[in-house]
Each structure stands twice: as C-alpha cells, then as structure tokens.
Amino acid sequence: MSMFGFRISPSSTIDLDKVDRNRFKKLCALEPDASKCMACGSCSATCSASEFSGMSVRKVLLCLQQGREKEAYAMMSSCMLCGKCLMVCPRGINTRHLILSISRIYGKEESI
Amino acid sequence: MNEIVVIIGGGIAGLEAARQLLALGHSPIVIEKSDHLGGHVADWHKLFPDMKPAKDIVDELVSSSKDANIFLHTEISFINRLKDRYNIMLSNGISITSRYILFTTGFRLFDAAKKEEYGYGVYNQVITNQDLEKWFNTSKDSRIDNSAMKAVGFVHCVGSRDEKARNTQCSKVCCITAIKQAIELKEKFPDAEIYCFYMDLRLFGKKFEDFYIKAQRDCGIHFIRGRVSEVSENIDGKVIVKAEDTLAGRPMKVTLDLLVLMSGMVCNPDSTRVAGMMSLPIDSDGFLRSTDNVSRNTVSPKNGIFYAGACTGPKTVPETLAEARSAVLEIHNSIISRR
Ligand SMILES: Cc1cc2nc3c(=O)[nH]c(=O)nc-3n(C[C@H](O)[C@H](O)[C@H](O)COP(=O)(O)OP(=O)(O)OC[C@H]3O[C@@H](n4cnc5c(N)ncnc54)[C@H](O)[C@@H]3O)c2cc1C
Ligand code: SF4
Ligand code: SF4
Ligand code: SF4
C-alpha cells in the first residue's frame, strides 16, 4: 500500500484518561511550583538553547502534564542549565532547579 | 425633602439603593417580579473573593431595606409619561406617580441548552454554574452522584464571546466563578481530576489571580487552553469531551463524571421590555444604554430614569453595590437641585 502513498497515521489525540500522573505528582511534591506555569512563554523566548533545539520549559511542563514524557526528556537534553529562564519567569518558578528535579525523577525511570 | 423613588428589581442593586435612599430620607418602592428578594445572589453559595456566604449579604440587605415599600410577585404593566413625572401601573392594580425610576433589573443567565453541542438538557451529567451553586446550597441534584466523582470539567465562555449565540461580550465573572467552583469541588472530592477548558483566563479583580495560583499549585486543577467543541455520552453514562489543546496544538479528549457549563450573563428581556415602554435605548451588547459608559454609567438619557447593577452589563457584587450607591447619589442630587 505504501507504494500508493496510503498509510494509517497514528492518532495525535491526547487522551487524558490514559495519562499516568504518578511521576508528575512526585515532581509537584518536590517542586510545588511546577503546576504554577501560566504558559506565558518568557522562558522559551529567553532560552539560548531554544533556537537550536526547541527547548522550552513551558513545553516540558505541558508535556509532563500530558504524559508525553519522552518528548519532554528529549527537549531537556539540550538545556545548558544557564538559568536565564529562571530570571524571567513571572510566576517565580525556579526553573533551573525544576529541570534538575525533573531529571532526578524522570531520569531514573527505565520506562520513558 | 421626602421623594418617592420607584426601584424596578429587588436584587442586590435594588436593595442597596433602597437602603441608601431610606438613609437619605426618601421613600423607595421596590417592585420585584419573583417571590423573593436578592435576585441571583440569593441562589449563590459563597462569593469570591473572600468566600463570604451569599446569604449573609442578602440577609443584611433585606434587613436594612425593610422599611421600603416592597411588592413581591409584581411586574410593571405600563408606564406613562406625565408632564414632569411618570405614572407607573403595577400588575397588582396599584398605580404610583413618581419623578424617579431606578432600573435594577439585572441580567439573565444564558440558556445553556442553546449551545446544543454541549448537551445541556440532553446528557444527565451536564449542569450549569447556577445548578452547581444551588447544589452547594441544597446538596440536592439528581445529576450529581457523590460516589462517582473522579473527573469533572468546567467549560468557560458558554454563550459569551460567541457571535453565533448573539453575545459578543465577555461575561466577566465566569472565569473567576469557574475557578472558585473548581476549588470548592476539589475540596469536596480531593481524588477527582478537575479540568478547566478556557480560551483566555480573564481574572481582572482583586485577589482573582491568587485564586488561579491556588487552583494550580494547591489544588492541582488542570487548565486546558481550548474551547470544548463537542460533548457525547458513552455507554457507562459518562460524558466524553473533545477540545483542542491549543498550547500543544493537538486534539484532546477526556471522559468525565460531571461537566459544568459556565453560562454567561446576558441582557434580561424583562429589563428590555420595561425599557421599551419608555423608549429607552439599548446598547450594542443588548444591555440598557447609559448616557456615557465612562462617567455617567448610572444615568439614562431620559430625565428621572437611572440604572444600577447588571442591567447595563456584567458586574460583580461589589461593582453592583457601588453603582447602586452612585445612582442614589445622582437621584438625591437631582432632588435637591429641584428645590
Ligand atoms: C454563576 C454566577 C456566580 C456569581 N458569583 C459571584 C460572586 O461570587 N461574587 C461576586 O461578586 N459576583 C458574583 N456574580 C455576579 C452577581 O451575580 C451579580 O453581580 C449580581 O447578581 C447583580 O445584581 P443585580 O441586582 O444587578 O441583578 P440580579 O441579581 O439579576 O437581580 C435583578 C432582580 O430584578 C428582578 N427583575 C428583573 N426584571 C424585572 C422586572 N421587569 N420587574 C420586576 N422585577 C424585575 C429580578 O427578578 C431580580 O430579582 C456571579 C454571577 C454568576 C452568573
Ligand atoms: S536553563 Fe536551560 S531552559 Fe533555562 S534558559 Fe538556560 S538553557 Fe534554556
Ligand atoms: S516563564 Fe514561567 S510561567 Fe512563563 S511559560 Fe515559562 S515556566 Fe511558565
Ligand atoms: S469571564 Fe472568562 S469564562 Fe466568562 S466570558 Fe469572559 S473569558 Fe469567558
């Protein structure tokens, strides 16, 4: 079939019923501010890694809340921990510390 | 000095105005269509931003305006303009002559059944913000099953910011009401996942943003940027909600035990009907039109006719009360200047 250009695309729908929230809850216990993000985008706009890699604290948090952990983790690998995002976040989230905590919690898990 | 002022509508605006007019030595007459005073606020449970019981506010207002002449179950049959005053005929056969009429006819809640895609009146698990407030007060609503409350959704902007629903205005109070109600539900059902589907969060008032932060940080309420497009029911009697998560740029679905529609504040046909008797102008949003929306909000273009509260547009309780006082001052000044 692929010769004719037909194929079944995987669904891009986010199914909130299937999200496993355990790790995100663990993260919030350690970093209560993780759920305070209001998606303003200041962090991504200032991030020096963002231009080249698409790194965005906003997107990482969104992905984690939706169970898209692999995506989040892949983005984070280009973070240089420079802390610029921390300077600009209007919600006062310690984003640099948050990134370290995410690595700690999610990095350990084999499954992601 | 004593002057009769006819107040149409016994909601909080009407009661506050009556109380202030009494304090200034005038004789307010309150005409209320329904069987109770307090208007919509009499149906609410706790008020943002301080979670003060709505009943306390209504009780205070009712007791401090009790010396006014109050007619319940009464409507305006017709109004004639005499030389410098109005002749107001009531549905109970009484007629009143007065130089001053104050409209405090309030708003009407958008009829959520008009947004068919949300399934109000079709699916049993779909209720409105008003139904939820009533349930907080009475614990009675067959659609709310205490034992099965694992996932709840709130739909913002139902019948507001919607040209198809013929209401382009933002109803202003429903974002904060949704957040307030989401927190209250989370406190009752700590294990439930709660979702708010919003287009913008419009949290303009004192301490409103604090509610938002509390909902996010302390209650773990999920905020999803996207308007619910469609609601359907599954075989287990739960509702499936579809929306786009516009931050992720992806479609999203979730199964819920309860869906709360944040019906907006729209113009009250009871208000426009009476305004029509005096050819008062209607603003482009359907609410009564003030002389000036910046500096003369409580003044109508006709002599002796004033407005206060949600009859000129969506308002919070403190804004409504402030307008009632401001309208009374306009009336009082006008009375004094005649002498
Ligand atoms: C779901 C919801 C929750 C809210 N919660 C809050 C909150 O927590 N805090 C807050 O600050 N604000 C809140 N508000 C806003 C609040 O309800 C309004 O500010 C308030 O009701 C406005 O009062 P009003 O007297 O102008 O109008 P209304 O409350 O609408 O009262 C109008 C009265 O006039 C009567 N009437 C109308 N037409 C006629 C007529 N022709 N003849 C005789 N009588 C008539 C009606 O029967 C009614 O009693 C909420 C609003 C909604 C929709
Ligand atoms: S700490 Fe990481 S995410 Fe933040 S600005 Fe620096 S590189 Fe970007
Ligand atoms: S700057 Fe802070 S609030 Fe804004 S998107 Fe980034 S993490 Fe979220
Ligand atoms: S206050 Fe919020 S929910 Fe209500 S109409 Fe405005 S944006 Fe929509």
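All residue numbers here refer to positions counted from 1 along the written sequence of the relevant chain. Lettering of chains starts at A and numbering of ligands starts at 1, both following the order in which they are written. Per-residue local features of the predicted model are confined to residues with pLDDT of at least 70, and side-chain atom pairs are confined, for both listing and counting, to 80 or more; whole-chain, interface and lining totals are unaffected and use all residues. Based on all heavy atoms of the structure, the side-chain values leave hydrogens and waters out of the count.

**Student:** Help me out: how do you make sense of the domain arrangement of chain B in this one?
**Tutor:** By a widely used convention, the size of an interface equals the accessible area lost when the partners come together. Residues and elements named next belong to chain B. Note: domain ranges come from an automatic or database domain assignment. Each assigned domain of chain B is listed with its residue range as follows: domain 1 (4–106 + 268–338) and domain 2 (112–265). Taken over C-alpha atoms, the centre of domain 1 sits 32 Å from the centre of domain 2. At the interface, 16 residues of domain 1 touch 20 residues of domain 2. Once two parts are joined, some of their accessible surface, as seen by a 1.4 Å probe, is lost; buried area is that loss totalled over both. Together, His 45, Phe 48 and Pro 314 form the three largest contributors to the area buried by domain 1 at its contact with domain 2, with a combined 37%. The term salt bridge refers to a pairing of a side-chain nitrogen on Lys or Arg with a carboxyl oxygen on Asp or Glu at a separation within 4 Å. Summed over the shared surface of domain 1 and domain 2, the result is 2 salt bridges. Identification of polar contacts relies on pairs of N or O atoms within 3.5 Å, with a donor-acceptor requirement for protein atoms, meaning one able to donate a hydrogen and the other able to accept it, and with residues adjacent in sequence counted only if both atoms are side-chain atoms. Connecting domain 1 to domain 2 are 8 residue pairs in polar contact (both at pLDDT 80 or more). Within the side of domain 1 that touches domain 2, the residues separate by chemical class into 7 nonpolar, 3 polar and 6 charged. Contact between two residues is taken to exist if any of their heavy atoms lie within 4.5 Å; hydrogens are not considered. Ten residue types, Ala, Val, Leu, Ile, Met, Phe, Trp, Tyr, Cys and Pro, are classed as nonpolar, four, Asp, Glu, Lys and Arg, as charged, and the remainder, Gly among them, as polar.

**Student:** What is the right way to look at helix H5 (residues 208–217) of chain B in this model?
**Tutor:** Since the α-helix turns once every 3.6 residues, residues separated by three or four places project in the same direction. Residue and element names in this part refer to chain B. Buried means the residue's accessible area, taken with a 1.4 Å probe over protein chains only, is under 20% of the maximum for its type, while exposed means over 50%, and partly exposed covers the values in between. Strands are runs of DSSP state E lasting at least 2 residues, helices are runs of H or I lasting at least 4, and numbering of each runs from the N terminus. Turning to H5, its buried residues are Phe 208, Phe 211, Tyr 212, Ala 215 and Gln 216. Buried residues along H5 cover an arc of 130° about the axis, so they all sit on one side. Looking at the buried residues of H5, the elements they touch are helix H4 (174–188) and strand S14 (222–225). Each C-beta atom gives one direction from the helix axis, and the arc is the one those directions make.

**Student:** Could you clarify how one ought to interpret the pattern of salt bridges in this entry?
**Tutor:** Think of it this way: side chains of opposite charge can pair up when their charged atoms draw near. Under the definition given, this model contains 35 salt bridges over all chains. With a shortest N-O distance of 2.9 Å, Arg 143 of chain B and Asp 141 of chain B are connected by a salt bridge. The partner of Glu 184 of chain B in a salt bridge is Lys 180 of chain B, with the nearest N and O atoms 3.7 Å apart. On the criterion of helical spacing, the pair formed by Glu 184 of chain B and Lys 180 of chain B is a turn pair, its members being 4 residues apart in helix H4. Salt bridges linked by common partners bring Asp 33 and Lys 36 of chain A together with Arg 217 and Asp 218 of chain B together as one network.

**Student:** For this particular structure, what's the right way to read the site of ligand 3?
**Tutor:** With respect to spatial proximity, the complete set of residues near ligand 3 consists of Cys 37, Met 38, Ala 39, Cys 40, Gly 41, Ser 42, Cys 43, Arg 58, Cys 89, Pro 90 and Ile 93 of chain A. Looking at the shell around ligand 3 residue by residue, the classes come out as 8 nonpolar, 2 polar and 1 charged. Nearness is judged by heavy atoms alone; a residue qualifies as near a molecule or strand once a single heavy atom is within 4 Å of it.

**Student:** Whenever I open this one, the site of ligand 1 confuses me. Can you help?
**Tutor:** Residue and element names in this part refer to chain B. Inspection of the region around ligand 1 gives 35 residues, with Glu 32, His 40, Trp 44, Lys 315 and Val 317 positioned closest. A distance of 3.3 Å separates an oxygen atom of ligand 1 from a polar backbone atom of Thr 316. Only the protein chains shown count as cover for residues, with accessible areas throughout obtained via the Shrake-Rupley method and a probe of 1.4 Å. About the coverage of ligand 1: the protein hides 96% of its 1000 Å² of free accessible area. No other element matches the 3 residues that helix H7 (residues 317–338) contributes to the shell around ligand 1. Tallied by class, residues from the shell around ligand 1 come to 15 nonpolar, 15 polar and 5 charged. For the shell around ligand 1, the two domains that each supply at least three residues are domain 1 (4–106 + 268–338) and domain 2 (112–265).

**Student:** Would you take a moment to explain the interface of chain A and chain B for this structure?
**Tutor:** Counting residues at the interface gives 21 residues for chain A and 18 residues for chain B. With both sides pooled, the region where chain A packs onto chain B buries about 1800 Å², and carbon together with sulfur makes up 47% of that total. Along the contact surface separating chain A from chain B lie 6 salt bridges. Between Glu 193 of chain B and Lys 25 of chain A there is a salt bridge, with the nearest N and O atoms lying 3.1 Å from each other. There are 15 residue pairs in polar contact (both at pLDDT 80 or more) connecting chain A and chain B. Elements represented by at least two residues in the side of chain A that touches chain B include exactly strand S1 (14–15) and helix H4 (57–65) of chain A. When grouped by side-chain class, the residues that make up the side of chain A that touches chain B number 7 nonpolar, 4 polar and 10 charged. Here, a strand pair is defined by DSSP locating no fewer than two bridges between the strands. Two elements, S1 of chain A and strand S17 (residues 250–256) of chain B, share 2 bridges in a ladder whose sense is parallel. If you follow Ile 14 of chain A over to S17 of chain B, its bridge partner there is Met 252 of chain B.

**Student:** Is there a simple way to explain the packing of helix H1 (residues 12–23) of chain B against H7 of chain B in this structure?
**Tutor:** What describes two packed helices is the angle between their axes and the distance between those same axes. Residue and element names in this part refer to chain B. For helices, the fitted line uses only the C-alpha atoms of the stretch in contact; every axis is such a line through C-alpha atoms, and the angle between N-to-C directions lies from 0 to 180 degrees. It is the contact of H1 with H7, at a shortest axis distance of 8 Å, that shows an interaxial angle of 40°. As summarised for this structure, H1 and H7 are arranged oblique, according to the angle between their axes. Crossing hand, H1 versus H7: right-handed. Along its contact with H1, which presents Ile 12, Ala 13, Glu 16, Ala 17, Gln 20 and Leu 21, the element H7 presents Val 317, Thr 320, Leu 321, Ala 324, Arg 325, Val 328 and Ile 331. Its residues placed into classes, the contact of H1 with H7 shows 9 nonpolar, 2 polar and 2 charged. Roughly parallel covers angles under 35 degrees, roughly antiparallel covers those over 145, roughly perpendicular covers 65 to 115, and oblique covers all other angles. Helix crossings get a hand from a simple test, with the near helix turned counterclockwise from the far one by less than a right angle marking a left-handed crossing and a clockwise turn marking a right-handed one.

**Student:** What am I meant to see in the sheet that holds strand S15 (residues 230–233) of chain B here?
**Tutor:** One key point about sheets: their strands pair by backbone hydrogen bonds, in either a parallel or an antiparallel sense. Spatially, 4 strands are ordered S1(A)-S17(B)-S16(B)-S15(B) in an open sheet, and the strand pairing comes out mixed. Two strands close off the open sheet at either side, each with one partner strand: S1 of chain A together with S15 of chain B. Note: strand S16 (residues 239–245) of chain B against S17 of chain B, 7 bridges, orientation antiparallel. If you follow Val 241 of chain B over to S17 of chain B, its bridge partner there is Val 254 of chain B.

**Student:** So what exactly am I meant to see when it comes to the packing of aromatic side chains here?
**Tutor:** Between two aromatic rings, the relevant description is the distance of the centres plus the angle of the planes. Residues and elements named next belong to chain B. Paired rings are identified among Phe, Tyr and Trp, the last through its six-membered ring, by centres lying within 6.5 Å, and are further divided according to the angle between planes into stacked (under 30 degrees), edge-to-face (over 60) and tilted (the rest). If you walk through the whole model with that rule in mind, you get 8 aromatic pairs over all chains. Taking the centre distance of 6.4 Å and the plane angle of 15° together, the rings of Trp 135 and Phe 189 count as stacked. Of this pair, Trp 135 sits in helix H3 (residues 129–138) while Phe 189 sits in the loop between H4 and strand S13 (193–198), placing them 54 residues apart in sequence. In this structure Trp 135 comes out as buried when scored by relative accessible area, which is 6%. Relative to Phe 223, the ring of Tyr 212 lies with its centre 5.0 Å away and its plane at 75°, an arrangement referred to as edge-to-face. Here the residue Tyr 212 occupies a position in helix H5, and Phe 223 occupies one in strand S14, the gap between them amounting to 11 residues. Here Tyr 212 matches Phe 223 in class, with each residue buried.

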